[in-house]
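# Overview (structure and organization)
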Amino acid sequence: MEKLPDPAAGLPDLAYTADCRARVAFEVMANRWDSVVVFTLGATGPMRPRALLARIGGIAPKVLNEALRRLERNGLVERRPYAEAPPRVDYALTEAGTALLTPMRAMGAWAARYADDVLDAQDRYAGRADGT
């Protein structure tokens, strides 16, 4: 099994405390749709919003728009308008957004390995909480 790099390597001893910059990454990706949009743009390259809607599936246009605005505000995607009639815009990952794909893949590998364990633990906990 592939050994994953130590996520705290290179961070000060107070990693993940209130003022730790590593928390920025967790906060940026805390919204479930943001990571889906980043991953999709990483897999496909620049896309128009309608194409993103179709590719992702299960996301409302308003929710996609909010995710794109959040990602743009955080510097992970860039909005690229074109001077055409009718107006056209697409979204692409920035350097920071592209760099985020590596830890996202590591999280995916972790989920593939441990998701069943986490779900089993949640079921056991729920059974205790219910008194069963």
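These notes cover the structure that comes with them. (Residues numbered from 1 in each chain as written. Predicted model: local features only at pLDDT ≥ 70, side-chain atom pairs only at ≥ 80, totals over all residues. Heavy atoms only, no water.)

## A word on the overall build of the protein
Each helix and strand in the protein was counted, giving six helices and two strands. Sequence-ordered secondary structure for the protein, helices as α and strands as β, is α-α-α-α-β-β-α-α. Across the protein, every contact between residues at least 6 apart in sequence was considered, and the portion connecting residues at least 24 apart equals 43%. Carbon and sulfur atoms form 55% of the exposed surface of the protein, whose accessible area is close to 9,500 Å². (Helix = DSSP H or I, 4+ residues; strand = E, 2+ residues; numbered from the N terminus. Contact = heavy atoms within 4.5 Å. Areas by Shrake-Rupley, 256 points an atom, 1.4 Å probe, with all protein chains shown as cover.)

## Observations concerning the pairing of strand S1 (residues 77–82)
Note that S1 and strand S2 (residues 88–93) share six bridges and pair antiparallel. Opposite Glu-78, over in S2, you have Ala-92 as the bridge partner. (Pairing = 2+ DSSP bridges.)

## Description of helix H2 (residues 32–44)
Taking 1.5 Å per residue as the helical rise, H2 with its 13 residues ought to reach 18 Å, and the 19 Å between its terminal C-alpha atoms agrees with that figure. Every buried residue belonging to H2 is among Trp-33, Asp-34, Val-37, Val-38, Thr-40 and Leu-41, and all of these are buried. All buried residues of H2 fall inside an arc of 165° around its axis, so they share one side. Facing away from the buried side of H2, by more than 90 degrees, are the exposed residues Arg-32 and Ala-43. Capping the start of H2 is the job of one residue whose side-chain oxygen sits 2.8 Å from the backbone nitrogen of Trp-33: Asn-31. (Expected span 1.5 Å × (residues − 1). Buried < 20%, exposed > 50% of the residue type's maximum accessible area, 1.4 Å probe, protein only. Arc of directions from axis to C-beta. Polar contact = N/O pair within 3.5 Å; in protein donor to acceptor, adjacent residues only side chain to side chain.)

## Some words on the nonpolar core
Met-29, Val-37, Val-38, Leu-41, Leu-52, Ile-56 and Leu-64 are the most contacted members of the largest nonpolar core, which totals 22 residues. Secondary structure elements with two or more residues in this core: H2, helix H3 (49–56), helix H4 (61–73), S2 and helix H6 (101–129). (Core = buried A, V, L, I, M, F, W, Y, C linked by side-chain atoms within 4.5 Å.)

## Topic: the pairing of S2
Among the six residues of S2, five are classified as buried, and the element is accordingly described as predominantly covered. Between S1 and S2, which pair antiparallel one after the other, the connecting turn spans five residues.

## Things to note about the environment of Arg-105
In this structure, Arg-105 sits in helix H6. Look at Arg-105 and you get partly exposed, because its relative accessible area is 48%. Residues Arg-105 and Phe-39 lie 66 residues apart in sequence; the distance between their C-alpha atoms is 9.0 Å.

## Here's the deal with the pattern of salt bridges
Summed over all chains, the structure comprises six salt bridges. A salt bridge links Arg-113 to Asp-117, with the nearest nitrogen and oxygen atoms 3.5 Å apart. Within this pair, Arg-113 and its partner Asp-117 are both found in helix H6, separated by four residues, close to a single helical turn. According to the relative accessible area criterion, Arg-113 is partly exposed, its value standing at 40%. Salt bridges sharing common partners tie together Glu-78, Arg-80 and Asp-90. (Salt bridge = Lys/Arg side-chain N within 4 Å of Asp/Glu carboxyl O.)

Any functional reading would require information beyond the geometric quantities listed.
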